[in-house]
Structure formats: C-alpha cells, structure tokens
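Commentary on secondary and tertiary structure
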Amino acid sequence: MDQKALKKLVESISKTVKSFKKSEIEGLIRLFHSLVKRTDERLNQMGLDRSAFREILHSIFGMTDDMLMDRVFFAFDKDNDSRINVNEWVKGLSVFLRGTFEEKLKFCFEVYYLNGDGYISQDEIFDMLKNSLYQQSSEEETDEGVKELVEITMKKMDYDNDGKISFADFERAVKNDRLLLEVFGPCLPEAQVQLQVPTAQIS
Amino acid sequence: MGVTLTKSAQWTAAGRGPATLEVTPLNEAILQEIIVFVESFLYMYPREAKFVFVEPLGWKTSLEPLAFGSGYVVSEKTVKSEEVDKNGEPLLFLSVPQIKVRSFGQLSCLLYIAKDKKLKEAQACLEANRDPVVKILGSDYSTTKREDSSALRILDKIIKDDDPEHEIKTNIAMLIQQMDMHLLNYSLKHISLEIRLNPSAIKNDVELLQRYSGKGEQTVLESIEYTSDYEFSNGCRAPPWRQIHGEMCYVLVKPHDVEALCITCSTEGVFLNGGKTDDATEINYERKGKIYKDLITILREKSATFSKNMAKQGNTFNEEQQKETFQPDEAPKKEEVTTKADAEKSTLQMNPINFVRNPIGKRLEPSLNWKSTVDLKDHRSSGRDTQEEKHARIEKGRSSVVSGRMQSARKAADKPEEILSESSSESEEDEEPPDHRQEANADLPSEYWQIQKLVKYLKGGNQTATVIALCSMRDFNLAQETCQLAIRDVGGLEVLINLLDTDEVKCKIGSLKILKEISHNPQIRRNIVDLGGLPIMVNILDSPNKNLKCLAAETIANVAKFRRARQAVRQHGGITKLVALLDCGQSPSEPPQPSLYETRDVEVARCGAQALWSCSKSYANKEAIRKAGGIPLLARLLKTSHEDMLIPVVGTLQECASEENYRAAIKAERIIENLVKNLNSANEQLQEHCAMAIYQCAEDEETRDLVRLHGGLKPLASLLGKTDNKERLAAVTGAIWKCSISKENVTKFREYRAIETLVGLLSDQPEEVLVNVVGALGECCQEYENRVLVRKCGGIQPLVSLLVGINQSLLVNVTKAVGACAVEPESMMIIDRLDGVRLLWSLLKNPHPDVKASAAWALCPCIENAKDAGEMVRSFVGGLELVVNLLKSDNKEVLASVCAAITNIAKDQENLAVITDHGVVPLLSKLANTNNDKLRHHLAEAIARCCMWGRNRVAFGEYKAVAPLVRYLKSDDTNVHRATTQALYQLSEDANNCITMHENGAVKLLLDMVGSPDQSLQEAAAGCISNIRRLALATEKARYA
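Residues numbered from 1 in each chain as written. Chains lettered and ligands numbered in written order. Predicted model: local features only at pLDDT ≥ 70, side-chain atom pairs only at ≥ 80, totals over all residues. Heavy atoms only, no water.

Here's the deal with the packing of aromatic side chains
- A complete count under the given rule lists 17 aromatic pairs over all chains for this structure.
- Each ring, one from F61 of chain A and one from F96 of chain A, has its centre 4.9 Å from the other, and the planes form 90°; the classification is edge-to-face. In this pair, F61 of chain A is assigned in helix α3 (residues 50-61) and F96 of chain A in helix α5 (residues 86-98), connecting sequence segments 35 residues apart. F96 of chain A shares its class with F61 of chain A; the two are buried.
- Taking 5.2 Å as the distance between ring centres and 55° as the angle between the ring planes, the aromatic pair formed by F109 of chain A and Y113 of chain A counts as tilted.
- Feature note: the residues F53, F61, F73, F74, F76, F96 and F107 of chain A constitute an aromatic cluster, connected by ring pairs.
- The ring of F562 of chain B carries the charged tip of R526 of chain B above its face, separated from the ring centre by 3.8 Å.
- K738 of chain B extends its terminal NZ or CZ atom over the ring of W737 of chain B, reaching a point 4.0 Å from the ring centre. (Phe/Tyr/Trp six-rings, centres within 6.5 Å; stacked < 30°, edge-to-face > 60°. Helix = DSSP H or I, 4+ residues; strand = E, 2+ residues; numbered from the N terminus. Buried < 20%, exposed > 50% of the residue type's maximum accessible area, 1.4 Å probe, protein only. Lys NZ or Arg CZ within 6 Å of the ring centre and 35° of its normal.)

Next comes the structure, spelled out in structure tokens:
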C-alpha cells in the first residue's frame, strides 16, 4: 500500500479517533488491509462484507451468536452500505477496545435496536432472547418462558412504562447495574480478549 | 413418604417398640422437609396434586372442624371437602378425630390449615401410615419390601401401560423418589456430623485390652479396669450427673512403665482426669490433658511399653478390633455414601432440565447402604448431647468477650473439641441455629413464587437469561429473611454456587452479588458451606478480575462466621490467597482507565482484610495468616487513612493479637504507632478495635511503653468519658488496664484524671467493662497517691460491694484491687467497716483456684493493717480451719498465697495457737519439697512465724521440714534466701534441727549468706550459725568435761 496515502489516512482518522495512538491506527489500517485482501481483491471498493466481518468477530473476539454478530455488523456500518470501510473499522474498534463506559453504552444500545426508531421494542427483545432458554419439552413452553423473561426484563428496565426501552431507560438501568450492559446478549469482546488484542494484534 | 423416611421412621421407633417417631433434631428436620415438599406440591405440580390416592391416608388429627374454611362442608363433628373424586366421594373426610385424605392437593391445603400444628399433623400422618407410598400409588410401588428393584418396576409399568392415569402416577412416583433422594442427602449430612464414641465401642476396647493385660513382659498393660462395676441400662458407668457431660465411664489403667492412669471416656473422646481423690471413692473429674480419639491412642501416647507391645500384638489385635467394633469401618463407608450422593446431586444440578431422566435405580443405592451402616441408638443419644452442648454454648456466648485469659481457659476446657482450632474471641456467632424452614407463616409470601420463577431461569437459561434473572433477583430485598430463605428453599443456592464454577464472568459476578447479601443469614451460611461453596469462592480469589475477587472475599467474610466454614477456607488454601489480596493495595501502576467490570486495587485489599477478619477468629487461621506473611501487609495497610480499610485491618490484628507470635510481630512491625493514631479517629468501631488490639498487645512491657511514647494514653483516658458505647468502653478500659501495669503509664493516667473516671465507672456498667475497670484500679492502687485518690473519690465502697459477684475474672480483679487499697490503714478502716474482710475470707471457698489465691493475697494487707487484726480473724467462725485446709490445694499460687496469709495470721499468738491445733505444722512441712521459688519464699516465712509457738520448732524437725529448707539456700532468689535464713534461725533454737542442718551442709551456705549486702539476711544467717556453733561447743564441753 502507498505509504503516502497511508500517512494521510492515519492523519485524517486520528482527528476523529482519539483513543488510539497514530502508530496504533496505522497498525489497524494495515490489519484492515490484510483482512480485506484475503476476502476482496478490488481495492477501490475496500470494505469488509458481513460474512468476513462475522468471521473476524468470531475468530478474534470469540463471539458466537450469529444474530448478534449481524447486529454488531450493522452497528459498525454507520453508512449502511453493507460494507465496513476503513473509517468505520477504526472507529468501531476504538469503542470495542478502548471505549469509555458511555461509548460502550451507546454502542450496545445501537446493537440492540435494529429498526432504527431509537427504541428497543418488546418484539425485538423477544427475538434476541428467543434462544436464551435451553430446549424445554415443547416449543410452546419455551415461548412461554421467553415471554415471561421479556416481561421480567421490561419490569426491570422500562422505567417510564411505555412498553419499550428508550436510551434513557437503558442508560439508567445499566448505570444501576453494570451487568445489564450486554443484557440481550454478548456484543462486546470479552475482558481477556480486550486486554490481549491491542498488544498482540496492533503492534 | 418415600423410602428414606420410612426407613428413618422405622429405625427410630425400633428402639422403643411402639411405632412412633421420636423427637430428634434429625426427625424434625426430615419432617420439615416433607412439609415443605407437600406444601409446595399444589403449586408446583397442579396436575399431580389432583391425583386420587389408591387408598386414603388416615390418621388421628388434632385439628378442629371449625378450622376448615372455604372449599369444605363443615358440620359440628365432620368436615368434607367440596373437591370429590370420580365417584363423588370427598377427597378429604374428617370425622373427629379420624381424618382421611386422598390427594396431594388436599394434603397441601390441610397443612395450610394446620398452621403451627403442621409438624404434629405430619408426624401423626406418617406414624399412622408406615408406607405412605403404597397407599398413594398402590402396592406395586411398595418401598419396604423389595426396595432395590422398585425403580425398575416403575419403568416397566411405564412401558407396559398406556393409561393416562399412569403417566400421572409415574410422575408422582418420580417426585417421591426425588424427595427421597433429597431427604437422604439431608439426613446424611446430619448424621455425618455426629460420629462420636459410644459406650459399646469403649466396652469393646476395654474388654479387648483386658484380654491382653496381666503380669509379665509380653502383655500390653498390667491391668485395666472400670472404676465402677455398675453398668447403667444405656451402657454407661459414669454417675448420671456426669453422663450429662457426655462422660460414659472411667477406667483405671496400670501400664508397665508409668504410674497408674485414671482415664475418662466421654463421647468426645478419652482423656486423663484428676485421678482418685483422697477418700478413694470419688474421682476428680477435671480434665488434665489432651483429648484423644480412643483408649488405644491415649495409651500409646502415655506408655512406651504399651505401644511397643501393641506393635507386637498388633496384627491379632487389629483383626479383633475390626471384627468387634463397627466404629472404625463405619465412618469411611458413610463418607463414601455421602460423596456418591453428592456426585449424584451435582449431576442433577448440571442439567437441571433433564433430571427426570436420570437412572433412578442408581439413586436408590445410598439408602440401602445407609440403612445397614448407621447405628441407631448411638445416633439418638449423641443428638441429645449436641443439644445440650448447644445450650451450654449459648450461655457462654452471653458472658463477656473481653474478660481475659482465665475465662478463655475455662471455655477451652468446656469445649475440648475446639481447643486446637479456636481462640477465646469466639462469640455467639458460633451457635448452630436450628434449621427451621418457614413454618410460622403458613402463607408463603408472593416473593417466594417470584423468586422461584427467577431460579427457573437460572437453571434453564443461557448466559444472557441468567444475567437477567440474577439482576432481577437483586431487586428483591435480599436483606429480608423471607427472601433469603426463599432462594434457598426453591433450590436457588445450588444454582448460584454452580454458576461460580462456570467461565462466565458476568454470571459469577451476579451470583456473588446475591450470595454476598444472603450470606448475612446464619442458616444460609451453613447451607453454602454444606453445598461446597467455599472451595469455589476460594478459587475465585485467584481470578484476574478484581471485581470478582472482591465479591468472593466479601462473601467469604460473611460465610466464615462459624468454625466449620473457617476451617474450610483454610483447608482449601484460602488464607494464603486472601493474604495475597492485601498486597494489591500497594501496586503503584493503577491502570488509568479501569475496565468495565473492574474495581480498584484498594478495594480488593479491603475485601481481603474483611475476609481475613472473619477467618482470624480461629486459632489455626491466625497461624496461617502469619505464615502467609500477612502481618507486614496488614501493617502497611494500617498506614492508609480510609476507615473502610482500617476497620477490618485493625479487627484482624485485634483478633490475632491474642497470640504471642503476633504480639511480637506487631511490635516488630511498629504497628502500635498506627493503632494509637487511629484511636483518635472519629469512627467508634475503629476506636473500639484499636483499643482492643492495644488491650491484647499490652501484655508486653515494651508495648506498654510504646503506647505511652506514641501518646496513646491521652486518647484512651478521654475515651473513658464516653460511656454510651459499651463495646468500645469495654475495649478502652481493657487497654487502660493492661497499660497501667507499667508505673509510668499510671502516672500519666493520674495526670489525665483517668483514675477518678475509672472510679465513677464502678457502678451501672456491664460485667465486661467492670472487669477491666477494676483490673485497672487494681494496678493503679499499687501506688500510694492513687490509693488515696481512690479512697477520696469514694471508690472503696463500690469495690467491696463487687466482692459478692460470681464472675470469676471480675472476682480476681476485685480482690486484687481491694487488697491493694487495704495497704492504706485509712482505707483499711473503710474496708473493715464494710465487712470487706469477711467477704474476702468467704471467697477462699470459691471453687476457682485463681479466685482463692487472689483472695488470700488480698487478705494479707488486710490482716496487716486492720486494728485488732487478731480479734477480727478469730471472729470468723471456722475461718482459720478453712485457711489451714487450703494448704492441701495442689495449685502453687493458692499455696503461696495461703502461706503468706498464714504468715500474717500467725503474728497473733492466740491465732497461731489455733492454727497449730488445726495442724498447720505437718501441712507446711509437707509442702517443703518444692522447686517453686515463690512458694518457697512464702512457705519459709510462714514456717519462721509458726516457730513462735509451743514446740512447733521441734515439730517441724520431726516432720522433716528442715533438710529441704537448707536446700532453699541454693536458690537464686534473694527473697527465698531471706525468708529461709529467718526460718532456719528460728528452727536452730532446737538442737536436733541444728544437727540436721549441719548434716545437710547448711553452715557453708549460711556463711555465704553472711556476706550478703542485705542486713536482715546477714543477721539471721549469723544468728543461725551461732546457734549451730553453740551447740557444737556445748557438745565438746560435755564430751571433754
């Protein structure tokens, strides 16, 4: 890759992403390129598609839930072009690896609301929790169990009782109990990964 | 209900004949379990609850028809349920007093109605229906006849029958089996705690040893026999009033190589007692040595020949022992069963959803083993013992925590099984509370059902669902007992503990947060330990996640409030790990941005200290903390200024300071300085623990000086004025007491006007405060100014009035203080007027030797300073005889003090005559062979005094007191020299004594004494020599004249 273009890219990204050093950003860009090269040869349309990104989430960050990985993909993909470009990549990873509590809070909320109306609806919660119970004797029973679990969650998190979870609700609940940050499924790297990745991968 | 219970009911009844369940803790616990099971049946399995029993369960009830409410047709003598079976028969029919019930639903309802009579009803029901399973499900399901194959038959049934009724029936059978399993585990836990010696085991041992005893080289013992031939029906030989202490019999053993041993066999083990007393019919029951697990062990320890010959005879002996006693092989078998059962249980927990499919046949095994290995009678009697022991402990818990060495010694003697691992600072925390399941409130609170639902998600959900359930569970008021017990009763504890064993950090955090809260409940603590929660938590202490470490340490801090838990922490290496946590607080490289679920290093150290504090209540743990290098770390943490941190740190130090090793280390680590600094803190609890730590450490002189040098006396004195917080006051007065052993400190205290305040505290204070206040006054009054001060503040009257107390530590201190005051003639007058001398005198009858000695010491200045002392002493009827008889004591301190008292009493000629009549001379002479310098000193003085009457000089010679006295001159103690030369001088007035002295080489020793700088010593020695010399001259003269 062209050294000059790289420098320029690093400069421009470092203006918006403060949590990485320039050298780290450079490393991340190089990493991005190597990852893209493996999957997509055309450099002008550089970007990770969904399946490639999922592969990365799985192999590096230890995520397993397909549905959540898709949601993480959409949260990374700010411009909704179904590809993660280099800007989105660095920005996303800054939250992933160095994000403050607030940034992560926002990120998780984005992962959990899908249809973009700014709320997490009960149906969405149901979808996300659908697979959270081990198979019971019948499907109906499982559904019943999930429904009750959704009710429990709503009772806990829907402070304004409007039947859906707003960002304010989410923020309040998580601030009360940090365990609720990834309440509808793991969407952040695990703690030990978080510590290892910056040292191992970037440098 | 079910196999286990039927078994348990049978065997307890078998001891007595009629088929009744006896009221033992185990039975009660089993009944409680069943009640919980039946009560929740209606809600948990509504379909099965409607199932109509094959035969009704009938029994005599104590319930009144009027107690039944809606859902029943009630008349004066009968009650019918509205619920009926296919044929229209009511499912519950009561015709006073007979009741017939035909479904679980009705049983559930009945128990609700029974309210506080639940237990009685359940018992009556089970007594009347010895095999309830047969009545419920039909004889195919009998559990009493061919138990082993019943599970298989159930499975057969399922395969053969398609009848829908059978599905329900099978479900019920399964449920009962599960219940059975649960009960089995439950009762095993109970029983495994209670393996003890029993009369028959002892009897076997004794018979066996008798067979191998007799004259000759090859036998193991010369003889072994019981002290009493009479055997009570329960197999014990100890008199009934000793049996209540758990003692079963006493054996006299004559080994080949050592003196005869008198051994007590009790349920806790065997130990040496005080031996036969003088009148030969009585035994001195007091324990004189360590407790051993059985006769063989103690004899091995005591007699070398025994263990040698045992080794020779070993093979045959062991074989016989194996054959005859079931005790040794019973224990391991039980162990095996327990572990098997545990293993079963853990598989149940691992896949909670599928547990119905587990092979049921296998689960039945433990019940069969169990039946054949447990000795019923033994268990029953030992159950009673634990109750008594519990009772005794409750009483002990009430007495003071602070009152010092003596009490702890007594405590230790009372609780021999705890000697090795426990310290004096155990408090009522150690009570084993009866495990009562919610029985009082029949209507389960709504939380119960909600919590049950959440636990279901814990069991059957993935990580996400689990975290949600855990977070929701914390919305309940977990400080409330109903919620705590609800979590346990719906099986939540097992799941919470299982979660700790997973790799999911969030689940672990959530689970620990709940465990931390509910472990404030003593019952839950026990359950956590029983479920093996501690080892897992100890492992978590190694986790890289600090938040997890903190939570685990905090939970351990809560759980380790009783002995078994503390022991478990230690045995799983927890102490070392906790000590390692203390090291966290110091690392300078705090990460700039703590990660999401993280917490600070200081917090980790604080939690570690908190846990260590709890653990440090056991002796062995104190040692473990020290060995793990905990003291320097604690010292370092003590330099911080966070109260949250300081309290557990000082708390731990204070607990540990009861050990000599620690006190030395505390001095070496310069901890005192920081303790003193924190006395000035605003936090009462911190002040209390600092004062307590100083109290413990100030046994040592250097430490007392350090407290003064660091300015600790002033804050102590000012805290003395704050009397609202009694715990703190007790600690502060304790610290003042110990500090005032040093004279310089006393001067300081006087400067701070602490003595006046102390006198003010002599009334209206709890005993633990009084003990220390009086102790401090006793030390202060060693000085003239303070004695005057105490008198002027009106301190003497309250002191004298405390002489009538019963607390031993208090009495020891009070007598000392009164004695110190009596040195002042004016104070003595007041004491005399208040009849204090008589009170002191009557304390000579106190059973405790320390009190006796202290009272006798106090009497010395009293007699010395009282006006008409001779008359006063004579006025106590029987008093002189009492004093003389105390010379028969075997406690050196008592003997020395009584000798001192006799020295003073004998100053009055008339009294000397009386005590001579009571035989003081032979008694004193008998004591002469002693190596104890304190006793020698006072004994010699007493002898010198007693020479002044009649032919006592000659009598001492006749009773052979002279030769030992001469040997006293070889001692290093000048006090002994002075007293001895006085005595010898007096004795040398008699010619025969002079001869004895000369024969024993007294002259040379006395000549050395003449060179002493001590004038009175010189004179007495010279006088004695001159007497001897004069005799020699006279003899020569007679010979050559």
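Quick notes on the interface of chain A and chain B
- Taken together, the contact pairs 29 residues of chain A with 23 residues of chain B.
- Overall, the association of chain A and chain B removes approximately 2300 Å² of surface from exposure, summing both partners, and the carbon and sulfur fraction of that is 60%.
- Between the two partners, chain A and chain B, sit 4 salt bridges.
- A total of 6 residues in the side of chain A that touches chain B trace back to one element, the largest contributor, which is helix α8 (residues 139-157) of chain A.
- Classifying every residue of the side of chain A that touches chain B gives 13 nonpolar, 9 polar and 7 charged. (Contact = heavy atoms within 4.5 Å. Buried area = accessible area lost by both parts, 1.4 Å probe. Salt bridge = Lys/Arg side-chain N within 4 Å of Asp/Glu carboxyl O. Nonpolar A, V, L, I, M, F, W, Y, C, P; charged D, E, K, R; others polar.)

So, the sheet that holds strand β1 (residues 52-60) of chain B
Residue and element names in this part refer to chain B.
- Read from one edge to the other, the open sheet built from 5 strands follows the order β1-β5-β4-β3-β2, with strand pairing classed as antiparallel. Among the strands making up the open sheet, the edge pair consists of β1 and β2 (72-74). Within the sheet, the average angular offset between the axes of one strand and its neighbour, ignoring direction, is 10°.
- Strand direction decides the pairing type here: strand β4 (residues 92-95) and strand β5 (residues 98-103), joined by 4 bridges, are antiparallel. In the strand pairing of β5, S95 is matched with Q98.
- In this fold helix α4 (residues 104-114) packs onto β1, β2, β3 (78-81), β4 and β5, with an angle of close to 130° to the strand it touches most, β5. (Pairing = 2+ DSSP bridges. Axes fitted to C-alpha atoms, helices over the stretch in contact; angles between N-to-C directions.)

What about the packing of helix α56 (residues 1002-1010) of chain B against helix α57 (residues 1015-1040) of chain B?
All names here are of chain B.
- Packing of α56 against α57 brings their axes to within 8 Å, and their N-to-C directions diverge by 145°. Seen from above, α56 lies across α57 with left-handed handedness. Side by side, α56 and α57 meet where V1003, L1006, L1007, M1009 and V1010 of the first sit next to L1017, Q1018, A1021, A1022, C1024, I1025 and I1028 of the second.
- Residue composition of the contact of α56 with α57, by class: 11 nonpolar, 1 polar and no charged. (Left-handed = near helix turned anticlockwise from the far one by under 90°.)

Description of the nonpolar core
Residue and element names in this part refer to chain A.
- Membership of the largest hydrophobic core comes to 285 residues, with the highest contact counts inside it found for W89, F96 and Y112.
- Structurally, this core is a two-domain feature, drawing no fewer than three residues from each of domain 1 (3-99 + 189-195) and domain 2 (110-180).
- With residues near it in sequence (within four places) discarded, W89 still touches L28, L31, F32, L35, L48, F53, I56, F76 and I84. (Core = buried A, V, L, I, M, F, W, Y, C linked by side-chain atoms within 4.5 Å. Domains from an automatic or database assignment.)

A look at the pairing of strand β9 (residues 269-276) of chain B
All names here are of chain B.
- Burial analysis of β9 places 6 of its 8 residues in the buried class, which makes it a mostly covered element.
- Pairing geometry for strand β8 (residues 261-266) and β9, over 4 bridges, is antiparallel. Bridging across to β9, C265 finds its partner in V270.
- A loop of 2 residues connects β8 with β9, the two strands running antiparallel in sequence.
- Relative to strand β10 (residues 283-287), β9 runs antiparallel, the two sharing 3 bridges. For N273, the partnering residue across the bridge sits in β10 and is R287.

Focus on a negative patch on the surface
Residue and element names in this part refer to chain A.
- There is a patch of like negative charges on the surface, built from E139, E140, E141, D143, E144 and E151.
- Within the secondary structure layout, E140 lies in helix α8.
- Residue classification places E140 among the exposed residues on the basis of a relative accessible area of 68%. (Patch = residues over 30% accessible without salt bridge, like charges linked within 9 Å, V, L, I, M, F, W, Y side chains within 5 Å. Areas by Shrake-Rupley, 256 points an atom, 1.4 Å probe, with all protein chains shown as cover. Lys, Arg positive; Asp, Glu negative; His and termini not counted. Charge placed at Lys NZ, Arg CZ, Asp CG, Glu CD.)

Considering the side chain of S266 of chain B
- When you line up the elements, S266 of chain B lands in strand β8.
- Contact partners of S266 of chain B, with chain neighbours within four places excluded, come to L197, G246, E247, M248 and F271 of chain B.

Here we look at α5 of chain A
All names here are of chain A.
- In this model α5 runs 17 Å from its N-terminal to its C-terminal C-alpha over 13 residues, within 8% of the 18 Å that 1.5 Å per residue would give.
- Within α5, burial applies to V86, E88, W89, V90, G92, L93, S94, V95, F96 and L97.
- Sitting at the head of α5, N85 places a side-chain oxygen 3.1 Å from the backbone nitrogen of N87. (Expected span 1.5 Å × (residues − 1). Polar contact = N/O pair within 3.5 Å; in protein donor to acceptor, adjacent residues only side chain to side chain.)

Side note on the UniProt feature "coiled-coil region" (unreviewed entry) in chain B
- With numbering matched to this structure, UniProt assigns "coiled-coil region" (unreviewed entry) to residues 665-692 of chain B.
- Between the end C-alpha atoms of residues 665-692 of chain B there is a gap of 17 Å, over a span that is 79% helix and 0% strand. (UniProt positions renumbered as here; feature names shortened; annotations may be inferred.)

Here we look at the pattern of salt bridges
- For the structure shown, the criterion picks out 46 salt bridges over all chains.
- Between D530 of chain B and R564 of chain B there is a salt bridge; the shortest N-O distance is 3.1 Å. With D530 of chain B in helix α22 (residues 522-530) and R564 of chain B in helix α25 (residues 563-571), this residue pair connects regions lying 34 residues apart in the sequence.
- A relative accessible area of 32% means that D530 of chain B is categorised as partly exposed.
- A salt bridge links D1008 of chain B to K1004 of chain B; the nearest nitrogen and oxygen atoms lie 4.0 Å apart. Highlighted residues: D1008 of chain B and K1004 of chain B, both in helix α56, separated by 4 residues, approximately one helical turn.
- For K1004 of chain B, a relative accessible area of 60% gives the class exposed.
- Each member of the salt-bridge network shares a partner with another, and the members are R50, R54, D66 and D70 of chain A.

Overview of the pairing of β5 of chain B
Residues and elements named next belong to chain B.
- Here β1 runs beside β5; their pairing, made up of 5 bridges, is antiparallel. If you follow G58 over to β5, its bridge partner there is K100.
- Counted along the chain from β4 to the antiparallel partner β5, the turn is 2 residues long.

Some details on the packing of helix α9 (residues 199-211) of chain B against helix α11 (residues 295-302) of chain B
All names here are of chain B.
- Relative orientation of the contacting elements α9 and α11 amounts to 50°, with a least axis distance of 10 Å. By the criterion of interaxial angle, the relationship of α9 to α11 is oblique. Across the interface between the two elements, D205, V206 and L209 of α9 pack against L295, I296 and L299 of α11.
- Per-class residue counts for the contact of α9 with α11 are 5 nonpolar, no polar and 1 charged. (Parallel < 35°, antiparallel > 145°, perpendicular 65-115°, else oblique.)

Brief notes about unusual backbone geometry
All names here are of chain B.
- In the Ramachandran plot, R753 falls in the positive-phi region, its phi being about 60° despite a non-glycine side chain.
- Mapped onto the elements, R753 comes out in the loop between α37 (743-751) and α38 (754-760).
- Since its relative accessible area comes to 54%, R753 is described here as exposed.
- Positive phi outside glycine occurs at K960, with the angle close to 60°.
- When its relative accessible area of 65% is taken as the criterion, K960 is described as exposed.

Structural notes on the confidence of the model for chain B
Residue and element names in this part refer to chain B.
- Looking at chain B, pLDDT values average 78 and 80% of them are 70 or higher.
- Of all the helices and strands in chain B, helix α14 (residues 360-373) carries the lowest mean pLDDT, 37, while helix α48 (residues 892-905) carries the highest, 93.
- Confidence drops under pLDDT 50 across residues 9-18; counting only partners more than four residues distant or on other chains, this segment forms 16 contacts.
- Residue range residues 587-597 is modelled with pLDDT below 50. Its contacts to residues more than four positions away, or to other chains, number 20 contacts.
- We note a pTM of 0.59 for the whole complex and an ipTM of 0.89 for its interfaces. (pLDDT = per-residue confidence, 0-100.)

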